[in-house]
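# Structural description and commentary
Spelled out, the chains give:
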Amino acid sequence: MFRRQQQSNNESSGEDDESSSSTNFSPLSPPISPPRSSNNMLVKIGRFLNVSAIGVLSIVSVLLFIQLQAVSLQVASEQKQIDELKKTIEQSTSDIQVEVQEQKDLTVVNIAGTFTLLSCIVTMFHMTSHLKKMNQPFVQRKIMAILWMSPVYAITSFFSLLLPSAEGYLGIVKDFYESYVIYQFLSFLIAVLGRGERQIVVDKLAAHADHLKHPYKWLRCLFHPPPEESDEAKANAVLLECQFLAMQFVFFRPLTAIVSFVLESMRDGDAGGFSSPDFIIMMIENVSVFLAFSGLLKFYHAVQDDLAWCQPFAKFLTIKGVVFMTFWQGLIISIIFHANTDDDKSDDDESNSGSSYSAKSIQHILICMEMLFFSAAHMCVFPAEEWEEGYQVKHGGGPTFAFEDFASDVNMIIDSGKRSRIARKERKNALDDAKQSPSFGTMDERNDASEDGEISLVDSEVV
């Protein structure tokens, strides 16, 4: 730029020399024009100002760029800090949620464990009373086997909460003991009826031979002698049939539970339909349950009059109530749980993160709590005093609201009020009749007559 300015200055100086020489050497030239040095100075100043402005703008642009980069770096640093703080808050929130959930889980486990422990304590106390008063061992052994049902259910459900991976194995144990208790109840009825002697049971069944249904024909290979020979042979066949039908449930129930557990562990997706293995296993279980209960009910209906003193139906309800209630309870919980899951299918991830308990977990928690009440019910229907010598059946000794006694007292008070009103009315009528009738005798005699009339009225009321 400086060189260009110098070149322009040289050109202008050359032009000035030429003009001066022309003025010098041409005497006839026109008058000399004013010098152009002021114009050149203005051009130079303008150019300098332009250059200076460009330089200043360049410097300002550089400064602004540097400042913008510094602000960008500061914003990026602050954004990084904000992201780190946000991540820290999210981590803290998740940690707090995990701790809260752990506390909830611990509380639930403590509640379930408390009820399980109480159920075991009640059952052990009940079993101890039977051990102290073992008057009829052939009967009370069966009772003690039945009493183990509540602790087995409670313990398996509690450990299924603590160890979800062992839930399948514990379910097999629970299913096996369920079937075993059904057979033990039939053995209990047989032991009560025969006092430990099978032949006594056969004789009592033979006494009801006319009301006994013939055994199934597909079980004839087990009967010896054939049931057509005599009433005793028929009674023996019926008793053997009932025992076989209850006993097959003891073997089929754990077997189907094991097969179901193996199939569930090998399954990749949902398997359904009438041809699926699960449906076939379910049908086998239902047939086995039907046969077991048909044998039990057949024996009960045959000898229910002989066993009425020990209230076998109440005992059966406390046993089968455990199975039926837990089954239908689990089914209802599963339906409700899956219905809620289908409704919230759009938020599946959030619902899975928020739902900490499955349907099976809720079922296990409820079973742990309910077994305490069934243990108390077993104490009421299986008392140890029932097997002492000279035990008298206590009719109406169970828990009741005594509504009949209250109604009887109310009727007594109402009848007393009615009799009182009738007596007062009759006494008033008698006095009115005495006043209207002609008076004979002295005043004392009339008073004595009225008193005799009142006494006779009172005697009639008492009668």
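Counting starts from 1 at the beginning of each chain's written sequence and moves along it residue by residue. Only residues with pLDDT of 70 or above have their local features reported here, since the model is predicted, and side-chain atom pairs are shown and tallied only from 80 upward, although totals for entire chains, interfaces and linings are computed over all residues. For side-chain calculations, the full set of non-hydrogen atoms in the structure is used, while hydrogens and water are omitted.

Our focus in this paragraph is the overall build of the protein chain. Helical segments are the DSSP runs of H or I of at least four residues, strand segments are the runs of E of at least two, and each set is numbered from the N terminus. What the protein chain contains, in helices and strands, is 13 helices and 0 strands. Seen in sequence order, the protein chain has helices and strands lined up from the N terminus as α-α-α-α-α-α-α-α-α-α-α-α-α. For this analysis, residues touch if any pair of their heavy atoms sits within 4.5 Å. Across the protein chain, contacts joining residues at least 24 apart in sequence account for 78% of those joining residues at least 6 apart. With an accessible surface of roughly 31300 Å², the protein chain has 63% of that area assigned to carbon and sulfur atoms. For the area figures, the Shrake-Rupley method with a 1.4 Å probe applies, and any residue is considered shielded solely by the protein chains shown.

Before going further, it helps to examine the pattern of salt bridges. When a carboxyl oxygen of Asp or Glu lies within 4 Å of a side-chain nitrogen of Lys or Arg, that pair is called a salt bridge. By the definition in use, this model includes 10 salt bridges. Where Glu388 meets Lys133, a salt bridge forms, and the shortest distance between an N and an O atom there is 3.6 Å. You can see Glu388 sitting in the loop between helix H11 (359–381) and helix H12 (403–436) and its partner Lys133 sitting in the loop between helix H2 (37–132) and helix H3 (137–147), a full 255 residues away along the chain. A relative accessible area of 31% places Glu388 in the partly exposed class. Across the pair Lys320 and Glu178 runs a salt bridge, and its minimum N-O distance is 4.0 Å. A residue pair is termed long-range when its members are at least 10 positions apart, and Lys320 in helix H9 (residues 312–343) and Glu178 in helix H5 (residues 167–194) qualify at 142 residues. Glu178 carries the same exposure label as Lys320, and that label is buried. Through salt bridges with shared partners, a single network forms among Asp175, Glu178, Arg253, Glu285 and Lys320. When accessible area is computed with a 1.4 Å probe and restricted to protein chains, residues below 20% of their type maximum are described as buried, those above 50% as exposed, and intermediate ones as partly exposed.

In this analysis, the expected span of each helix is defined as 1.5 Å times one less than the number of residues it contains. Look at H5: 40 Å from first C-alpha to last across 28 residues, which is about the 40 Å you get at 1.5 Å a residue. With 21 of 28 residues buried, H5 is to be regarded as a mostly interior element. Immediately beyond the C-terminal end of H5, within one or two residues, lies Arg195, with a positive phi of roughly 55°.

This next bit is on the packing of H2 against H11. Where H2 meets H11, the closest approach of the two axes is 8 Å, and the angle between their N-to-C directions is 20°. By the angle between their directions, the pair H2 and H11 is classed as roughly parallel. As H2 runs across H11, the sense of the crossing is left-handed. Residues Val108, Ala112, Phe115, Thr116, Leu118, Ser119, Val122, Thr123, Phe125 and His126 of H2 pack against Ile365, Cys368, Met369, Met371, Leu372, Ser375, Ala376, His378 and Met379 of H11. Residue classes follow a fixed rule: Ala, Val, Leu, Ile, Met, Phe, Trp, Tyr, Cys and Pro count as nonpolar, while Asp, Glu, Lys and Arg count as charged, and any other residue, Gly among them, counts as polar. When the residues that make up the contact of H2 with H11 are grouped by side-chain class, the tally is 13 nonpolar, 6 polar and no charged. Axis geometry follows a simple rule: fit a line to the C-alpha atoms, using only the stretch in contact for helices, then measure angles between N-to-C directions, giving values from 0 to 180 degrees. Put simply, angles under 35 degrees are roughly parallel, angles over 145 are roughly antiparallel, angles from 65 to 115 are roughly perpendicular, and the rest are oblique. Less than a right angle of anticlockwise turn of the near helix away from the far helix marks a crossing as left-handed, whereas a clockwise turn marks it as right-handed.

Any two packed helices are characterised by the angle at which their axes cross and by the distance between the axes. Here H5 crosses helix H8 (residues 277–303) at 20°, and the two axes come no closer than 10 Å. The orientation of H5 relative to H8 falls into the category roughly parallel. For the pair H5 and H8, the sense of crossing is left-handed. Of the residues in H8, those in contact with Ile182, Phe185, Leu186, Leu189, Ile190 and Leu193 of H5 are Phe293, Leu296, Phe299 and Val303.

Any residue with an atom within 4 Å of a point lines the site, the site being either a cavity, points on a 1 Å grid over the protein atoms alone where a 1.4 Å probe fits but cannot get out, or a pocket, an open set with protein on both sides within 12 Å along at least 5 of 7 lines. Grid points are joined across faces, edges and corners, and a volume is the space filled by probe spheres set on the points. When its volume is computed, the largest pocket comes out at roughly 2000 Å³. In terms of lining residues, the largest pocket is bounded by 43 residues, among which Asp175, Arg253, Glu285, Phe327 and Lys360 are the most central. Counting only elements with at least two residues in the lining of the largest pocket, the list comes to helix H4 (149–162), H5, helix H7 (231–266), H8, H9 and H11. With 9 residues, the single largest contributor to the lining of the largest pocket is H9. Grouping the amino acids of the lining of the largest pocket by side-chain chemistry returns 18 nonpolar, 14 polar and 11 charged.

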